[in-house]
Amino acid sequence: MKLLQDVLAQVGSPLRDVEEGIRTAFDDASHEARRINAHLAQSGGKRIRPILTLMSAKLFTDDLERAIPVGIAAEMIHMATLVHDDVIDGASTRRGNATVNHLWGNHTSVLAGDALLAKALVILVDKTTPEIVRLMADMVYKMCEGEIAQHATLHDLHQSEEEYFQRIEKKTALFFAACCKAGALMGGATAEQADALWAYGRHLGMAFQVVDDLLDVCAEEQVVGKPVGHDLESGVLTLPVLRLLEEEGRSGAAAKILAKGAKMTRSDVERVLAMVRENGAVEYAYGVAERFSNEAKAALQPIPPSETKDLLLHVADTVLTRRF
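Residues numbered from 1 in each chain as written. Predicted model: local features only at pLDDT ≥ 70, side-chain atom pairs only at ≥ 80, totals over all residues. Heavy atoms only, no water.

Visitor: It is not clear to me how the environment of M136 should be interpreted in this structure. Could you clarify?
Guide: Inspection of the secondary structure puts M136 in helix 7 (residues 130–152). Not counting residues up to four positions away in its chain, the partners in contact with M136 are A74, I77, L124, F175, A178 and A182. (Helix = DSSP H or I, 4+ residues; strand = E, 2+ residues; numbered from the N terminus. Contact = heavy atoms within 4.5 Å.)

Visitor: Would you mind going over the nonpolar core with me for this structure?
Guide: Among soluble globular proteins, nonpolar side chains are generally buried collectively. In terms of nonpolar packing, the biggest core is built from 108 residues, with M136 and Y200 touching the most fellow members. With 14 residues, the single largest contributor to this core is helix 8 (residues 161–186). Ignoring sequence-local partners within four residues, the contact set of Y200 consists of L52, C180, A296, A299, L300, L312, V315 and A316. (Core = buried A, V, L, I, M, F, W, Y, C linked by side-chain atoms within 4.5 Å. Buried < 20%, exposed > 50% of the residue type's maximum accessible area, 1.4 Å probe, protein only.)

Visitor: What exactly am I supposed to notice about the environment of T308 here?
Guide: Its location among the elements puts T308 in helix 16 (residues 307–318). Separated by 249 residues in the primary sequence, T308 and L59 have C-alpha atoms spaced 6.0 Å apart. Sequence-distant contacts of T308, that is, excluding residues within four places in its chain, are made with Q10, M55, K58 and L59.

Visitor: Any chance you could explain helix 2 (residues 31–42) here in plain terms?
Guide: Helical periodicity: at 3.6 residues per turn, an α-helix aligns residues three or four positions apart in one direction. The first and last C-alpha atoms of helix 2 sit 16 Å apart over twelve residues, in line with the 16 Å expected at 1.5 Å per residue. Every buried residue of helix 2 is accounted for by I36, N37, H39, L40 and A41. Looking at the buried residues of helix 2, the elements they touch are helix 1 (2–24), helix 4 (68–89), strand 2 (97–98), helix 5 (100–104) and helix 6 (106–127). Downstream of helix 2 by a residue or two, G44 has a phi angle that is positive, lying close to 85 degrees. (Expected span 1.5 Å × (residues − 1).)

Visitor: Explanation requested: the side chain of T153 in the structure shown.
Guide: Turning to its location among the elements, T153 is positioned in the loop between helix 7 and helix 8. T153 has contacts with Q159, R167 and G235, leaving out every residue within four places of it along the chain.

Visitor: It is not clear to me how the pattern of salt bridges should be interpreted in this structure. Could you clarify?
Guide: Oppositely charged side chains are able to pair whenever their charged atoms sit close together. Taken as a whole and assessed by the stated rule, the structure comprises 17 salt bridges. In this structure, D317 engages K297 in a salt bridge whose closest nitrogen and oxygen atoms are separated by 2.6 Å. Remark: K297 occurs in helix 15 (residues 281–299) and D317 occurs in helix 16; sequence separation between them is 20 residues. Among the charged side chains, a salt-bridge network with shared partners connects E19, R47 and E75. (Salt bridge = Lys/Arg side-chain N within 4 Å of Asp/Glu carboxyl O.)

Structure follows, in structure tokens:
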């Protein structure tokens, strides 16, 4: 909580402007589109991407007005991906609230997600620069690539750790990187400084996703908001599971269970999770996350000292505990 309070002390006012921008983004749309957007805006979220955008800008200016549209667009892109994810997963709740697909159906949900993406790009075109529009659009393209790659490797026991890293970079890390770089550019950073923020965001995003995947194998259900092992049950093999397969071999006890694919029972999933927790795979994956966190902090070396820089360094540490 202390970190969040410090962050809000730095960017609380512009973050409220981001919230207002999200809430009013569809004021020119149909009544039903406004209802869906209002439902999504009220469903909450940590707003990590707008916060990273605003803090990256804060490194170079106290006037964050120009960075606010980037924060709005970034959160709308994130909201769009969640809407689409819920359709794919058939989810009925998210963060304790009914999903759009549960309330309005899959057809409307897909269109709502598309509308969010399109509106975000309109905001970027109207309020930012061609460089930032290209940066964010390219990120969305690569994010889709990552999701396609993930779907193509469901239940694939022969995928490598390198393939996993490439996937999470596209799915998660490049979004963090784009937000940090775009915020820095809107704050007046030089090209070199903006690249440093891109590297910081990329490594931070990698650490964030590895920890997220760790939570899926060893956290309590109330922490992650979904059943532990959900990814494994869905066929998504994350770093701890891949490490287990590497240690045991592709013909070991875990591999024999995982080879069942979509026919795995909940009991099968629990057995594999127990193996992951017992053979050092959790500690290995945490070490990888820690390495990415350290690389994120190292990326900020070219940035002059400031309170905001100290907070970003602290964020890189705190992401390892996922209390932020």
